[in-house]
Structures are given as C-alpha cells and as structure tokens.
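Here's the letter readout for the chains.
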Amino acid sequence: MSKIRHICGLSGGKDSTALALYMRDRVPDMEYVFCDTGRELQETYDYLALVEAFLGTRITYLNPKQDFDHWLDVFGNYLPSPKARWCTKLLKLKPFEAYIGDDEVISYVGIRADENRTGLISSKPNLTTVFPFKEDGIDYDGVMRILEESGIGMPPYLSWGRTHSGCFFCFFQSKYEWVRLLEVYPDQFAEAEKYETIDPATGTLFTWMEDMPLETLRDPGVQADVKQKHFVRQEWLKSRKGNKRLVETFGGIEVEEPSNNGCLICHL
Ligand code: SF4
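Definitions and limits used
Residues numbered from 1 in each chain as written. Predicted model: local features only at pLDDT ≥ 70, side-chain atom pairs only at ≥ 80, totals over all residues. Heavy atoms only, no water. Helix = DSSP H or I, 4+ residues; strand = E, 2+ residues; numbered from the N terminus. Buried < 20%, exposed > 50% of the residue type's maximum accessible area, 1.4 Å probe, protein only. Contact = heavy atoms within 4.5 Å. Phe/Tyr/Trp six-rings, centres within 6.5 Å; stacked < 30°, edge-to-face > 60°. Lys NZ or Arg CZ within 6 Å of the ring centre and 35° of its normal. Salt bridge = Lys/Arg side-chain N within 4 Å of Asp/Glu carboxyl O.

Draft legend 1. Representation of the environment of Val51 in the model. Relative to the elements of secondary structure, Val51 occurs in helix 2 (residues 42-55). The exposure class assigned to Val51 is buried, which follows from its relative accessible area of 0%. Sequence separation between Val51 and Pro155 is 104 residues, and the spatial gap between their C-alpha atoms is 9.9 Å. If near-sequence neighbours (up to four positions away) are discounted, Val51 is found in contact with Leu10, Thr17, Ile59 and Ile152.

Laid out in structure tokens, this is it:
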C-alpha cells in the first residue's frame, strides 16, 4: 500500500502560516506547498522565504501551466469576480490537484475554530481535508499567539491595511484596500488598472470592482471618502464587538479581520 502523503498549503497569509508552524513538529513528513500565480506582492514571497527558515524545510512552489494573462485571454477579458472565480480554479486548485495526482493525501487547511468559512476545496476522492485549528479549538487569538510566540510575526500586508494574501489585484479586496495598495504599491495599482477595459462593441466595463473603475480611486476626494467610511465602519465594528476580534492590536499594529470571504486556497 502506498504511503499517505501529508500536505499543508500555504498562501502567505497568517492562518496558513500559523498552521504550518503548528503542524511542524506534529507531522514531521509534512509537505508544504504554495500555489504561485506569479501575481503576489514581493513582500509575500519574502515572507514565505522567512516561513521556510522557521519550518526548516523547503516550500514547494506550484505554478500553473498557463498564467493569469493566458486564461484572461481565454475568458475574453472577462475579469474574475466572486461569482466567476475562474482564477482560483485554474491558477490554484488545478496545480494543487496535479501535484497530488492519484496519491492518498491528507490536506491540512487553516480554517480557525471561530470561522464558518467555506470555499473552493478539491473534491478529489483520494484527498481527505482536515482542519486542525477547528479540531483543537484554535481561534483568532490562538493564531496570533502562535505567530507571536514563534517569533515570525505577522505577514507584512496586515500592517498597512490589507486583509488578505493573494494576487495584488484580487477582486476580494475592499475599496479601502485598493486605496492603500495605491499608496503603498503604486506600480502594482497601475498594473491592476491596465487589466480594466471597455468592450467597444457593447460598452461593457470589465473592472475589478463591481461599481467603479480603479481610476476613480486616484481622485483625492474619493480616497478621503473611502477612508472616512472605512474608519466609521471600524469604529462601529469595535463598538459592536467590544473591540474584540474584528480589530485587534498585535505587536502594536491594528489588525483588521477580512470583511468578506476570500477563498480557502488564496486567503488563509
Ligand atoms: S488571490 Fe484573488 S485574484 Fe488571485 S487567484 Fe485567488 S481569488 Fe483569484
């Protein structure tokens, strides 16, 4: 009988990083993988290099056979969205499935005990998915404790207002996150803008946000409005939650929990 493989997927995010560290000594023959779209922020690649050092083992980078631009062309410039998430399937899920092949695999996923997240998980019959944080009752505070006590700290994106790992142009980000991307990584914002088009025949807009092109966020007045609404929302959330979980202070930095459900492969 062939040996069961143990695989922990990393996204460059805090939960999957904490899970990798949590499992390091529990499953010594764990394989660590990262599905690389090639469109992550450089800081994510740098953080993953740090994770490798803390794990004391290599992370295998899985690359899709064809990149984002190839598939965008196939989809007729139809940008992915929460309702049409072709990018996750083709750039993350398929490379992962190709990597495991027909082997019996246990896949470790970092959904926390305080989450009800669902998302794209492979349904291959030879794959069993387990959720150690759920099983062991590890919640948001527990994840933060693992990152803090290990010494690795948080992924850098959390320090400047982004809530997710994943592609820098990910449509799951809020308007506030787009504004912060413009401020912190203007070149990546400009690159994301180049993907937005108008179909000359129909006038249909292909934009990352549902209701406006990214260019709109270059207006200082719009930026101020987006920030104002963001901070008002944060205050409201703090008052409702008693300043628990949605905004926490970690290492002197306010860390905001994502306001939407990203995907399990990209955003853990
Ligand atoms: S990070 Fe966002 S844009 Fe990138 S593959 Fe995942 S869902 Fe798609």
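Draft legend 2. Summary view of the packing of aromatic side chains. Applying the stated criterion across every chain yields a total of 17 aromatic pairs. Considering the side-chain rings of Trp160 and Tyr185, the 5.4 Å spacing of their centres and the 70° angle between planes classify their relative orientation as edge-to-face. Of this pair, Trp160 sits in the loop between helix 6 (140-150) and helix 7 (175-184) while Tyr185 sits in the loop between helix 7 and helix 8 (186-194); the two residues are 25 residues apart in sequence, bridging distant segments of the chain. Taken together through their ring pairs, the aromatic side chains of Phe68, Phe75, Trp86, Phe168, Phe169, Tyr195 and Trp208 make up a single cluster. Across the ring face of Tyr99, the terminal group of Arg5 is positioned such that the distance to the ring centre comes to 4.8 Å.

Draft legend 3. Structural context of the pattern of salt bridges. Counting across every chain of the model gives 18 salt bridges. Ionic pairing is found between Arg24 and Asp25, a salt bridge with its closest N-O pair at 3.7 Å. On the basis of relative accessibility, which here comes to 61%, the residue Asp25 falls in the exposed class. In this structure, Arg218 and Glu193 form a salt bridge, with 2.8 Å as the shortest nitrogen-oxygen distance. Note that Arg218 is positioned in the loop between strand 7 (205-206) and helix 9 (220-241) and Glu193 in helix 8, a separation of 25 residues in sequence. Overall, Glu193 belongs to the buried group, its relative accessible area being 18%. Residues joined by salt bridges that share partners form a network here, namely Lys14, Asp15, Arg112, Asp114 and Glu115.

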